[in-house]
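# Residue-level structure breakdown
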Amino acid sequence: NYKSRLDSFSTDKIANFDFLNKNLKYSLRYYQEKALYILQYFMGLPPDDYFKQKITEKLDDHEITFYSFEMATWAGKSLLMGANILYLFKKGYRDFLIITPSTPIYEKTIRNFTIDDKRSVFNIDTPLKFNLVTGDSYKDKTCAYDDNADMSIFVFNIHKFFERSSGKQDESKGVSYTHRPLEESYWKDEQNNTIPFVDFLRKKELVIITDEAHHYQNTKSAEVVKELLPDMVLEYTATALELESEKKQQKVIYKYAIKELIKENMQKR
């Protein structure tokens, strides 16, 4: 069924495809379109489908579906990420947490989702209003969080979830900043009480996105996913871990290999 759908694929089968094109800076390549279509296909499978169950994990009473995309380096993972965010926005999701494994990728990702940056994946003329909150701006008002924005994109380096104060006079220095109510922050509960950033995210229908996802198959990263209990996790990597003997088997639903990129003269051997 999967193969037959890919063989007969056309973009008119992707829901809201015109909306995506209007809000992305660049046109999707055919394999990015296929990856988007496959996300739609898997999301549409019933919960009791054999393959839907294979990509779904249960944590206590909460089920999380993992959709993994293995895309060759330079194949445009960031643009696909933006397309998937817009697709999920039209499905009703409003909060997206992107987790990166290193400072260079963290900084690159912030640029990718800053509307007026030349490397942004979004069209500068998009009518959508975004909150862009980073692991450096979430502690205070510098993130300019707006409750009335169309969607929120949170970009965090994984280490930001475990960052602690080293000050001797800080009574909470053993508690990471993401787990502390920071008086200068925007994060409130229904009674307008300041709450930790992690508690704020837990109240959302959260989508977690991991870049270079093979770096997240470790205890610390799994810890963040388990704590936040998102609705789904989208994983992007150029080198997926797929064997059961490896740290954590990834649920790859679409693969575009480096050999395909080379075949199309878009990459050198």
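Fair warning: this is a prediction, and the values are worked out from it, not measured in the lab.

### Description of the nonpolar core
Ranked by size, the top nonpolar core spans 55 residues in total, and within it Tyr67, Phe69 and Leu234 carry the most contacts. When residues no more than four places from it in sequence are discounted, the contact partners of Phe69 are Ala35, Leu39, Leu80, Asn84, Leu234, Glu235, Tyr236, Thr237, Ile253 and Tyr254. In terms of nonpolar packing, the next biggest core, distinct from the first, is built from 28 residues, Tyr138, Trp187, Phe197 and Val198 among them.

### Section: the layout of surface pockets
Volume-wise, the largest pocket comes out at about 550 Å³. What lines the largest pocket is a set of 19 residues, among which Trp74, Gly76, Lys77, Ser78 and Lys108 lie closest to the centre. Going through the elements one at a time, helix H5 (77–90) and helix H6 (103–112) are the ones with two or more residues in the lining of the largest pocket. When its residues are assigned to classes, the lining of the largest pocket shows six nonpolar, seven polar and six charged.

### Topic: the packing of helix H3 (residues 30–43) against H5
It is the contact of H3 with H5, at a shortest axis distance of 10 Å, that shows an interaxial angle of 35°. Both H3 and H5 take part in a crossing whose hand is right-handed. In this structure, H3 uses Gln32, Ala35, Leu36, Leu39, Gln40 and Met43 to contact H5, whose residues at the interface are Leu79, Leu80, Ala83, Asn84, Tyr87 and Leu88. Residues that form the contact of H3 with H5 fall into these classes: nine nonpolar, three polar and no charged.

### A closer look at the confidence of the model for the protein chain
Per-chain confidence: the protein chain averages 89 in pLDDT, with 90% of residues scoring 70 or above. For residues 213–217, every residue scores under 50 in pLDDT, and the model assigns this stretch 22 contacts once sequence neighbours within four places are set aside.

### Regarding the environment of Ser137
Among the secondary structure elements, Ser137 is positioned in the loop between strand E4 (130–134) and strand E5 (151–157). Owing to a relative accessible area of 10%, Ser137 belongs among the buried residues under this scheme. Along the sequence, Ser137 and Phe154 sit 17 residues apart, while their C-alpha atoms lie 9.9 Å from each other. Excluding anything up to four places from it in sequence, Ser137 contacts Thr142 and Cys143. Separated by 3.0 Å, the side chain of Ser137 and the backbone nitrogen of Thr134 make a polar contact.

How each quantity is defined
- Residues numbered from 1 in each chain as written.
- Predicted model: local features only at pLDDT ≥ 70, side-chain atom pairs only at ≥ 80, totals over all residues.
- Heavy atoms only, no water.
- Core = buried A, V, L, I, M, F, W, Y, C linked by side-chain atoms within 4.5 Å.
- Buried < 20%, exposed > 50% of the residue type's maximum accessible area, 1.4 Å probe, protein only.
- Contact = heavy atoms within 4.5 Å.
- 1 Å grid on protein atoms, 1.4 Å probe; cavity = no way out; pocket = protein on both sides within 12 Å on 5 of 7 lines; lining within 4 Å.
- Points joined across faces, edges and corners; volume = space filled by probe spheres on them.
- Helix = DSSP H or I, 4+ residues; strand = E, 2+ residues; numbered from the N terminus.
- Nonpolar A, V, L, I, M, F, W, Y, C, P; charged D, E, K, R; others polar.
- Axes fitted to C-alpha atoms, helices over the stretch in contact; angles between N-to-C directions.
- Left-handed = near helix turned anticlockwise from the far one by under 90°.
- pLDDT = per-residue confidence, 0-100.
- Polar contact = N/O pair within 3.5 Å; in protein donor to acceptor, adjacent residues only side chain to side chain.

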